[in-house]
Each structure stands twice: as C-alpha cells, then as structure tokens.
Amino acid sequence: MASIHLLDDLKKIRQMDPQDMLGAVETFDRQCQVAYQMARAIKLPKMKDVDNVVVLGMGGSAIGGDLLRCYMSEILSVPIIVLRGYEVPRWVSQRTLAIASSYSGATEETLSAYREARKRGARIVVQTQGSTLGKMAQKDGFAWVNITPPRYFHGAPIYQPRAALGYSFFPMLGIIEKVFPVPEQALAVKEAISIIKRCIDAYRREVPLKSNVAKKLAVACFKHLPIIYSAQERLEVVALRWRAQFNENSKILAMTNVLPEMNHNEIVGWSGVQKFPQKWPVIFLQDKGDHRQVKRRFEIIAEIIRPLCAEIYSLNSDGRGLLARLFSLICLGDFVSVYLAVLNKVDPSPVPPIAYLKAQLASKK
C-alpha cells in the first residue's frame, strides 16, 4: 500500500520523473493547439489520381498515422495504410501519396522506406524536425513540414517521440485537408482539444487518488499484465497506444486485441489462464459508434472471462465527434502509463533497450 500513496506525493513524482513526462501529458492540449496551427500553415496543391495514402514511420512517429487511418476511414474515399519497416509494397506507385514521418529525422527504417517510395515515383510529403530526412526531402524537391516544437513550449527540447503525438498527427491531418476534398476539420479539432483539456483537469497530478480515474487504473495494473480490448473499426489505434505507452513509459508488457477477431481465437485461450498463479486486469475500450453486435460481444466476453481475470474495467470514450472521442481515451491511457511508472519506481522517459538496439545496429553497418 505504501507504493500506492506515491501517486499523491507530488515531490516523489517529480523525483521519479526528472524529464517531466507527466508535464508533457499535462500540457498536451497546448501541444495539439500549436501542432494544428502548423497543419493550417501547410501549403500543398490538390492532388488528382491518388489511389492510396501510405504513412512511413515507426513507434511514436507512426502512431499518428494509425490515428489518421482510424479517424479518416469515415471521411476519406481512399485507403490509408501505415507501413512500419524498411520496405514498401509493390503497389506503391505514382498514384500513391507517401507521408514520411520521423520526429527525429534519423529513423533508419523510415529513411529506407522513403528511398523505396521515391524510386517508385510516389508523391512524397515529409514531416520531421530535420536531420537526415529533412535534408533528403529538400534535396529531392519534396514538401517538408517542420514539426520542431517552439522553444518556449513546455518540454520542447527533450520531447520523446511518443510524447509528441500532436506533432505526429495534426500535420498529417493538415496534409490530407490540403490534398483531398474533405470537410474542414477546424471544428472537430476544437472539440478534441476541449475534451483533452477536460481530461487533463480530471487526471492531472494534483487530483488525489480517491477521485482520479487514471491513478486508480494505474493501481489496478500495478504488478500485473494488463489486457486491453477494443473494437476493430475505431478504437484499435487507442488500444495500440495504451499498449505502447505501458511498454515505454511503465516498462511493462501489455496485451491488446480487437473485436470481433479475438472472438475467433483468443477467447479460447482464456480457458488456460487458470494455470497461472496471478489473475490479470482487463480493460475494455468502448465507443458509442461501435457496431451493435460488437457491443453485445463485449457483454458476452465479460460473462466468460470475469471468473478468470482480476477485474474488468469498461471505459467509454467522451465527446460528440470521433476525433474528440479518440483523444479522450488516448489522454487517459497516457496518464495511466506515467502513474504506473511512478508505482513501478522507474523513470518513464528513457528507453535503454531501444537505445542499445539502435547503437548495436549502427555499429554493424
């Protein structure tokens, strides 16, 4: 129980979070506001004969593409595909819009995929702070959206890519607005930022554990392996974000799956969890737009797994528009992951295994 009380000790939180990852989460609304201003300033011509959009990125720079894919599925008439890796499929061509996204500008997988997309004649737009990717775009004559945070902005010099989702997503949204004949997104963005502010007020560090949902969920996940389920159509990206934030901020493993797919395989695996000494918490991420049969599936799954899991936490998105609803749950998950890092007594910012892996790859070139 002593560890749980850390979540209401502001001095201890500052000590365990020296790079202030929590501060980045608590100012996310301002980041999104600045990032959308960047998006509005993008100058691109309308493009005809574009059959598909691919986002080239990894990790925190790719999650913005997943968010774009889920959000735009009901708006854009061409598919958006997120490619995580060194190569691009054969169908990438002159009729492809490729958005190369790398917060640092030095992600080797994205640089490789950029080169392949360039060879295929894809129409490329780059979003990065600069470095190698920015120089390549300038040399090749492609549009470059500079997503460097303003220096006056909280935490700007030390932002981790995963803490810069606003700079990953909103410029992409701006690119789509400029290139395709889609409805203007200003009102949707305004509502999303309003919902994010509401979430920050509810989950910020000064709100005590007894009335802070994010802190309570962190306690529920403490010393456990959380399992996160969502519907495929809209909240898949949110479940992915929760898992990645648990991985990098909290330094724990987490599992995700989507409905209805998990009903055709993983649901059977629950019959074997009794072999494990510990029960795991399950988080349902749900949205009012979920298909009626998916809603029923959540109810039936709960009946099946409730005796086998620690607890089921059903979380509903908040907001009128889909963009606001997506961000409402993303914001909650970000807070939970940092509070869980505090309980785990780990610094949420550094990711030593990733740094080591990159160094080892670079040394073998």
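Engineer: Summarise the state of the cysteines; cite the residues concerned and give the values.
Structural biologist: With the rule as written, the count across this model stands at 0 disulfides. Cysteine 309 takes part in no disulfide bond, and the closest cysteine sulfur to it belongs to cysteine 221, at a distance of 12 Å.

Engineer: Outline the packing of helix α4 (residues 59–72) against helix α10 (residues 236–250), supporting the account with residue identities and numerical values.
Structural biologist: As a packed pair, α4 and α10 sit with axes 9 Å apart at the nearest point and diverge in direction by 160°. Relative to α10, the element α4 lies roughly antiparallel. In terms of crossing hand, the pair formed by α4 and α10 is left-handed. Across the interface between the two elements, Ile63, Asp66, Leu67, Arg69 and Cys70 from α4 touch Glu236, Val237, Leu240 and Arg241 from α10. Looking at the contact of α4 with α10, its residues break down into 5 nonpolar, no polar and 4 charged.

Engineer: Tell me what's going on with the sheet that holds strand β9 (residues 311–316), and back it up with residues and numbers.
Structural biologist: One key point about sheets: their strands pair by backbone hydrogen bonds, in either a parallel or an antiparallel sense. The 4 strands lie next to each other as β7-β6-β8-β9, forming an open sheet whose pairing is parallel. Strand pairing shows two members of the sheet lacking a second neighbour, β7 (255–259) and β9, which therefore form its edges. On average, each strand axis in the sheet is tilted by 20° relative to the strand beside it, whichever way the strands run. Judged from the 5 bridges that link them, strand β6 (residues 227–231) and β7 form a sheet pairing that is parallel. Along β7, the bridge assignment pairs tyrosine 229 with asparagine 257. Strands in contact with α10 are β6, β7, β8 (281–286) and β9; relative to β6, the strand with the most contacts, it is inclined by about 165°.

Engineer: Go over the pairing of strand β1 (residues 52–56) with me, naming the residues and quoting the values.
Structural biologist: Counting buried positions along β1 gives 5 out of 5 residues, so the element sits mostly inside the fold. By the alternation rule, side chains of β1 split into Asn52, Val54 and Leu56 and Val53 and Val55, which are all buried. For β1 and strand β3 (residues 96–102), the ladder comprises 5 bridges, and the chain directions are parallel. Its bridge partner being in β3, valine 53 is matched across the sheet by leucine 97.

Engineer: Residue-level account of unusual backbone geometry, with values.
Structural biologist: A cis amide bond links leucine 259 to the next residue, proline 260, at an omega of 10°. Tracing the backbone through its elements, the reader meets proline 260 in the loop between β7 and α11 (266–269). Positioned with a positive phi, lysine 251 is a non-glycine residue whose angle comes to about 60°. Relative to the helices and strands, lysine 251 is located in the loop between α10 and β7. Residue lysine 251 is classed as partly exposed on the basis of its relative accessible area of 33%. In this structure, lysine 345 is a non-glycine residue whose phi angle is positive, near 60°. Structurally, the position occupied by lysine 345 is in the loop between α13 (322–344) and α14 (352–363).

Engineer: Any chance you could break down a positive patch on the surface for me, citing the residues and the numbers?
Structural biologist: Residues Lys11, Lys12, Arg14, Lys223 and Lys345 make up a contiguous surface patch of positive charge. Its location among the elements puts lysine 12 in helix α1 (residues 10–16). In this structure lysine 12 comes out as partly exposed when scored by relative accessible area, which is 35%.

Engineer: Summarise the layout of surface pockets; cite the residues concerned and give the values.
Structural biologist: To find the voids left in a structure, one rolls a probe of water-molecule size over its atoms. Taken as a whole, the largest pocket holds about 1,100 Å³ of empty space. Gly59, Gly60, Glu248, Ile354 and Lys358 are the residues nearest the centre of the largest pocket, which is lined by 33 residues in total. Broken down by secondary-structure element, the contributors of at least two residues to the lining of the largest pocket are α4, α5 (108–119), α10 and α14. Top element by residues in the lining of the largest pocket is α14. It accounts for 8 residues. Looking at the lining of the largest pocket, its residues break down into 16 nonpolar, 8 polar and 9 charged.

Here is what the cut-offs are and how they apply
- Residues numbered from 1 in each chain as written.
- Predicted model: local features only at pLDDT ≥ 70, side-chain atom pairs only at ≥ 80, totals over all residues.
- Heavy atoms only, no water.
- Disulfide = S-S within 2.5 Å.
- Axes fitted to C-alpha atoms, helices over the stretch in contact; angles between N-to-C directions.
- Helix = DSSP H or I, 4+ residues; strand = E, 2+ residues; numbered from the N terminus.
- Parallel < 35°, antiparallel > 145°, perpendicular 65-115°, else oblique.
- Left-handed = near helix turned anticlockwise from the far one by under 90°.
- Contact = heavy atoms within 4.5 Å.
- Nonpolar A, V, L, I, M, F, W, Y, C, P; charged D, E, K, R; others polar.
- Pairing = 2+ DSSP bridges.
- Buried < 20%, exposed > 50% of the residue type's maximum accessible area, 1.4 Å probe, protein only.
- Patch = residues over 30% accessible without salt bridge, like charges linked within 9 Å, V, L, I, M, F, W, Y side chains within 5 Å.
- Areas by Shrake-Rupley, 256 points an atom, 1.4 Å probe, with all protein chains shown as cover.
- Salt bridge = Lys/Arg side-chain N within 4 Å of Asp/Glu carboxyl O.
- Lys, Arg positive; Asp, Glu negative; His and termini not counted.
- Charge placed at Lys NZ, Arg CZ, Asp CG, Glu CD.
- 1 Å grid on protein atoms, 1.4 Å probe; cavity = no way out; pocket = protein on both sides within 12 Å on 5 of 7 lines; lining within 4 Å.
- Points joined across faces, edges and corners; volume = space filled by probe spheres on them.

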